[in-house]
Amino acid sequence: MSVEDLNPRARDGVIHPEVRAPHDESERAQDGGRLQHAEAASKPIRAPQTREKQPRGAKVRGDRPIDQAEAAERFLAAPLHQAAHDERLWDLRKKRDASAHGIPEWEELREIASAIKAHTLTHLDHYLEQFEAAAKANGVHVHWATDGADHNRIVLEILRSHGARTLVKSKSMLTEECGFRHHMAANGIEIIETDLGERIQQLDDEEPSHIVAPAVHKTRMDVAEVFAKTLGTDPDNDDAHYLAESQRETTRPYILKADAGMTGCNFAIAETGTVVTCTNEGNADLSGNVPPLQIHSIGIEKIIPKVEHLGVFIRLLSRSALGSPITQYTSHFRGPRKGTEMHMVLVDNGRSARLGLEEFWTSLKCIRCGACMNTCPVYRRSGGLSYGATYSGPIGLIIDPTFNKRKYSTLPFSSTMNGSCTNVCPVKINIHEQIFAWRKVLVEEHQIPALKQGMMKAAGAVLSRPAAYRAAIGAADSALKVLPRFAVYNPLNTWGKKREMPDAPRQTFHAWYKQNRMKDTGR
Amino acid sequence: MSARAGILAAIRANRPAGDYPLPTVPDFTPLVGDDLVAEFGERLKRMGGRVAEPGSADVFAGVRERLDAAKVVASAVPELAGNRDLQSVRSPQEVEDVDVAVVRAVFGIAETGSVLFTQDELIVNAVAYLAQHLVVLLDPADILPNVQAAYRRPEFARSAYAVLHTGPSATADIEGVLIHGAQGVRSLTVLLVPR
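Residues numbered from 1 in each chain as written. Chains lettered and ligands numbered in written order. Predicted model: local features only at pLDDT ≥ 70, side-chain atom pairs only at ≥ 80, totals over all residues.

**Quick look at the overall build of chain B**
Consideration 1: Helices and strands together make up the secondary structure of chain B, namely 7 helices and 11 strands.
Consideration 2: The principal-axis extent of the C-alpha atoms belonging to chain B is close to 65 × 45 × 40 Å.
Consideration 3: Buried residues in chain B amount to 53% of all 195 residues.
Consideration 4: Look at the contacts in chain B between residues 6 or more apart in sequence, and 71% of them connect residues 24 or more apart. (Helix = DSSP H or I, 4+ residues; strand = E, 2+ residues; numbered from the N terminus. Buried ≥ 20, exposed ≤ 12 C-beta atoms within 10 Å, placed from the backbone. Contact = placed C-beta atoms within 7 Å.)

Here is the structure:
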């Protein structure tokens with residue numbers, strides 16, 4: 001009997017059998033086969049009926065450093081949520097692998113995508129001007145916003161000049177950055193999110209916890225509770241189909257009545273002035289095609305030179321994010337519909353400054369696929385909201401400090417440095433190396449708490465000198481014994497939480513190599 | 001200084017050092033076999049779409065049941081009359097009660113099972129999302145091998161709106177349970193009908 005027969009769970013690749021669903025509720029293919037496109041799980045999951053309160057995110061107190069470890073601990077204390085979250089994201093990671101392995105030129109595509117982004121970012125002024133000229137020639141109103149406040153002011157002016165009071169929008173990380181929803185609410189504009197996950201988060205007054213799947217940290221029971229409170233659904237009915245249909249039925253009237261529609265932007269094509277969005281629900285197309293006024297918010301780093309380059313990125317994006325070959329909808333907005341107005345807002349919000357950071361500018365290549373989050377052991381076990389920032393997971397660790405060094409000073413320490421994020425990144429950002437570089441910057445600039453600084457100095461003194469390192473390791477058998485216990489298990493070290501470090505091997509690799517290999521070669 | 005001037009000046013001041021030429025994108029060998037029709041159908045089904053064979057007497061045989069059950073049918077193709085004239089629609093909201101919309105695709109992509117529409121095929125863009133079900137006519141001769149070939153087509157540079165549909169509207173935002181008809185159409189069926 002093989003190992004697989006003895007343990008069918010291992011064969012299925014299931015890591016948390018307790019969240020396996022007894023029945024498969026997902027839609028079926030025409031031939032009755034199982035489907036796993038869009039964000040679908042490749043193996044059905046279902047959190048057990050036991051009621052477990054949803055763990056909430058990090059406590060945000062002004063500019064004070066976010067305590068990610070504290071929020072992560074509360075997430076870990078909710079085992080059903082943690083297991084469902086881990087299972088779901090690891091499943092997406094596996095689907096990504098299967099999809100990537102199906103393309104012989106995958107690595108070449110990553111190289112090309114990375115090089116296109118590097119070229120565009122180093123000629124961004126030229127391509128932005130080209131984009132603007134093309135968009136204007138297409139009859140589009142083009143605006144430039146220095147920061148989030150500027151973006152919100154411009155959009156509010158556009159809305160007011162049309163007497164618009166309601167706006168339907170699709171998911172956009174940029175508008176999250178700008179605090180757009182909160183600003184508009186304070187100014188009497190009603191904003192309706194039309195992506196299901198984002199709508200759940202809006203109704204629960206929470207930020208999105210994942211770039212691609214905003215409500216991935218919630219179980220269906222959490223969603224049922226939110227919808228019962230806000231949409232008047234049956235609180236005891238947590239059927240996913242019922243919940244999704246309730247959202248569709250309650251959102252559609254808003255879409256039909258909205259004065260304005262808004263989308264974000266996955267790619268902006270300089271040569272044609274086109275905004276490209278990639279969605280599975282078709283909600284960007286509803287937002288862009290139904291209301292009489294349409295607005296597209298564009299981060300300036302989203303520019304790519306030509307239409308032919310889009311082919312490279314489209315082939316990478318959904319495969320990296322969800323393991324599907326393409327999103328259900330890939331939409332190209334280039335000019336206004338007859339009798340309507342189209343506005344595009346080009347937003348900087350710190351991007352031009354980031355371009356000047358020698359070690360960190362390549363983080364601007366990010367296409368927001370979320371692959372680094374799905375693969376990250378810290379993210380999967382602590383939930384996106386524990387980061388207390390717009391961007392969570394590995395990409396968040398290297399972007400967030402550019403917005404606020406003090407507030408996000410501890411985030412680069414929420415990493416095991418395993419490098420998996422770098423390996424899955426479709427545009428080859430050296431994420432884990434930038435995480436390490438941020439640690440150095442934040443220590444040098446005294447942005448991190450004293451305890452962690454002491455640890456860094458002690459470790460740094462040993463790690464920076466190979467001979468001293470080997471002597472120390474040899475004497476102690478392991479770095480885990482060199483570093484004091486408080487350095488591994490103290491509350492600031494997020495990834496030491498709930499994990500005892502493995503026993504150190506009796507012999508170091510270096511000593512083993514010297515003993516077994518070097519002598520073979522006569523040295 | 002205007003926001004525009006300020007942003008461009010900051011970009012120029014902060015330009016990273018080094019030479020980063022624009023790479024040439026090579027011609028990749030299509031991942032699909034020679035039978036593009038079969039490959040297209042197979043991949044579309046995996047993305048939740050349906051493929052129906054046209055009947056010899058009735059090209060709509062594969063979706064006849066759906067059409068007969070529909071109260072409002074909006075057709076953008078000469079092959080079917082329908083009972084909602086898209087040409088006379090003044091605002092997108094008017095098509096919110098459409099049960100089935102019938103549209104011709106510009107082309108299909110075998111690699112992904114996608115079909116392309118522009119504002120010319122849709123007549124009213126919103127009908128492809130507000131309708132409950134979408135029926136797509138696709139000429140088998142219009143199937144391209146891959147995404148790369150698709151982005152060489154001229155439609156993207158000249159259309160005010162161009163969209164690739166790959167199956168129906170879908171979500172799995174709640175515990176990964178796949179649901180069709182998240183916000184847009186609940187089903188997408190492709191009929192392979194020559195122009």
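**Focus on the interface of chain A and chain B**
Consideration 1: Contacts between the two partners involve 86 residues from chain A and, on the opposite side, 64 residues from chain B.
Consideration 2: Take the side of chain A that touches chain B: its biggest share by element is 8 residues, from helix α14 (residues 307-321) of chain A.
Consideration 3: By residue class, the composition of the side of chain A that touches chain B is 42 nonpolar, 26 polar and 18 charged.
Consideration 4: Across 5 bridges, the pairing between strand β9 (residues 329-333) of chain A and strand β8 (residues 161-165) of chain B is antiparallel. By the bridge assignment for β8 of chain B, Tyr329 of chain A is matched with His165 of chain B. (Nonpolar A, V, L, I, M, F, W, Y, C, P; charged D, E, K, R; others polar. Pairing = 2+ DSSP bridges.)

**Some words on the domain arrangement of chain A**
Residues and elements named next belong to chain A.
Consideration 1: We note that the domain assignment places domain 1 (106-349) and domain 2 (378-496) within chain A.
Consideration 2: Across the contact, 15 residues belong to domain 1 and 9 residues belong to domain 2.
Consideration 3: Breaking the side of domain 1 that touches domain 2 down by element, the ones donating at least two residues are α5 (106-122), α8 (173-177) and α14.
Consideration 4: Class assignment of the residues belonging to the side of domain 1 that touches domain 2 gives a composition of 3 nonpolar, 5 polar and 7 charged. (Domains from an automatic or database assignment.)

**Considerations on the pairing of strand β5 (residues 114-118) of chain B**
Residues and elements named next belong to chain B.
Consideration 1: The buried fraction of β5 amounts to 4 of the 5 residues, a majority that puts the element mostly inside the structure.
Consideration 2: Strand direction decides the pairing type here: strand β4 (residues 107-109) and β5, joined by 3 bridges, are antiparallel. Bridge assignment links Phe107 to a residue of β5, and that residue is Leu116.
Consideration 3: The hairpin formed by β4 and β5 contains 4 residues between the paired strands, and Gly113 there has a positive phi angle of roughly 80°.
Consideration 4: In terms of strand pairing, β5 meets β8 through 4 bridges, oriented antiparallel. If you follow Val115 over to β8, its bridge partner there is His165.

**Focus on the confidence of the model for chain B**
Consideration 1: In the predicted model, chain B carries a mean pLDDT of 96, and the fraction of residues at 70 or more is 100%.
Consideration 2: Across the whole predicted complex the pTM is 0.89, and at the interface the ipTM reaches 0.98. (pLDDT = per-residue confidence, 0-100.)

**Some words on helix α6 (residues 124-137) of chain A**
Consideration 1: Here α6 of chain A contains 14 residues, and its C-alpha end-to-end distance of 20 Å stays within 8% of the 20 Å for a straight helix at 1.5 Å per residue.
Consideration 2: For α6 of chain A, the elements touching its buried residues are α5, β1 (141-145), β5 (267-269), β8 (303-304) and β10 (341-347) of chain A together with α1 (3-13) of chain B.
Consideration 3: Of the residues flanking the end of α6 of chain A, it is Gly139 of chain A, one or two places downstream, whose phi is positive at about 85°. (Expected span 1.5 Å × (residues − 1).)

**Thoughts on the packing of helix α18 (residues 393-403) of chain A against helix α20 (residues 431-444) of chain A**
All names here are of chain A.
Consideration 1: In contact at an axis separation of 9 Å, α18 and α20 are set at 40° when each is read in the N-to-C sense. Crossing geometry of α18 relative to α20 is assigned as left-handed. Residues Pro394, Ile395, Leu397, Ile398 and Pro401 of α18 form the contact with α20, whose participating residues are Ile431, Gln434, Ile435, Trp438 and Leu442.
Consideration 2: When grouped by side-chain class, the residues that make up the contact of α18 with α20 number 9 nonpolar, 1 polar and no charged. (Axes fitted to C-alpha atoms, helices over the stretch in contact; angles between N-to-C directions. Left-handed = near helix turned anticlockwise from the far one by under 90°.)

**Regarding the confidence of the model for chain A**
Residues and elements named next belong to chain A.
Consideration 1: Here chain A averages 89 in pLDDT, while 84% of its residues score no lower than 70.
Consideration 2: Here residues 1-11 is modelled with pLDDT under 50, and outside its nearest four sequence neighbours on either side it reaches 6 contacts, counting other chains as well.
Consideration 3: The low-confidence segment residues 484-491, where pLDDT is below 50, has 9 contacts with residues more than four positions distant or belonging to other chains.

**Remarks on the sheet that holds strand β3 (residues 100-104) of chain B**
Residue and element names in this part refer to chain B.
Consideration 1: Here we have 5 strands laid out as an open sheet, ordered β1-β11-β6-β3-β2, and parallel in their pairing. Each having just a single partner strand, β1 (50-52) and β2 (73-75) make up the two edges of the open sheet. Mean inter-strand twist for the sheet, computed between neighbouring axes without regard to direction, equals 20°.
Consideration 2: Direction of pairing for strand β6 (residues 133-138) relative to strand β11 (residues 187-192): parallel, over a ladder of 6 bridges. The residue of β11 that forms the bridge with Val136 is Val190.

**Thoughts on the nonpolar core**
Consideration 1: Counting residues in hydrophobic clusters, the biggest one holds 195 residues, and the most contacted among them are Phe313 and Leu346 of chain A together with Ala101, Val127, Ala131, Val136 and Leu191 of chain B.
Consideration 2: For this core, the element with the most residues is α14 of chain A, which contributes 8 residues.
Consideration 3: Built from parts of two domains, this core gets at least three residues from each of domain 1 (106-349) and domain 2 (378-496) of chain A.
Consideration 4: Contacts of Val127 of chain B, omitting those with residues within four sequence positions, involve Ala74, Leu86, Val95, Val98, Ala101 and Leu122 of chain B. (Core = buried A, V, L, I, M, F, W, Y, C linked by C-beta atoms within 7 Å.)

**Re unusual backbone geometry**
Residues and elements named next belong to chain A.
Consideration 1: Of note, the phi angle at Asp205 is positive, near 55°, even though the residue is not glycine.
Consideration 2: With respect to the secondary-structure elements, Asp205 resides in the loop between α10 (196-203) and α11 (220-230).
Consideration 3: Positive phi, close to 60°, is recorded for Met417, a residue that is not glycine.
Consideration 4: Position of Met417 among the secondary structure elements: in the loop between α18 and α19 (420-424).

**Comments concerning the environment of Ala157 of chain B**
Consideration 1: Considering the arrangement of structural elements, one finds Ala157 of chain B in helix α7 (residues 155-158).
Consideration 2: Judged by the 17 C-beta atoms lying within 10 Å of it, Ala157 of chain B falls in the partly exposed class.
Consideration 3: Note: C-alpha distance between Ala157 of chain B and Gly62 of chain B (95 residues apart in sequence) is 34 Å.
Consideration 4: Leaving out residues up to four positions away in the same chain, Ala157 of chain B has contacts with Thr272 and Val307 of chain A.

**Quick notes on the sheet that holds β1 of chain A**
Residues and elements named next belong to chain A.
Consideration 1: One open sheet accounts for 6 strands, arranged β1-β10-β7-β4-β2-β3; its pairing is parallel. On the outer flanks of this sheet lie β1 and β3 (190-193), each paired with one strand and no other. Mean inter-strand twist for the sheet, computed between neighbouring axes without regard to direction, equals 20°.
Consideration 2: Taken together, the 5 bridges between β1 and β10 define a ladder with parallel strand orientation. By the bridge assignment for β10, Ala145 is matched with Val347.

**Description of the environment of Arg315 of chain A**
Consideration 1: Tracing the chain through its elements places Arg315 of chain A in helix α14.
Consideration 2: In this structure, the C-alpha to C-alpha distance between Arg315 of chain A and Asp63 of chain A, residues 252 residues apart in sequence, is 39 Å.
Consideration 3: Residue contacts for Arg315 of chain A: discarding those within four places in its chain leaves Leu109 of chain A together with Val147 of chain B.

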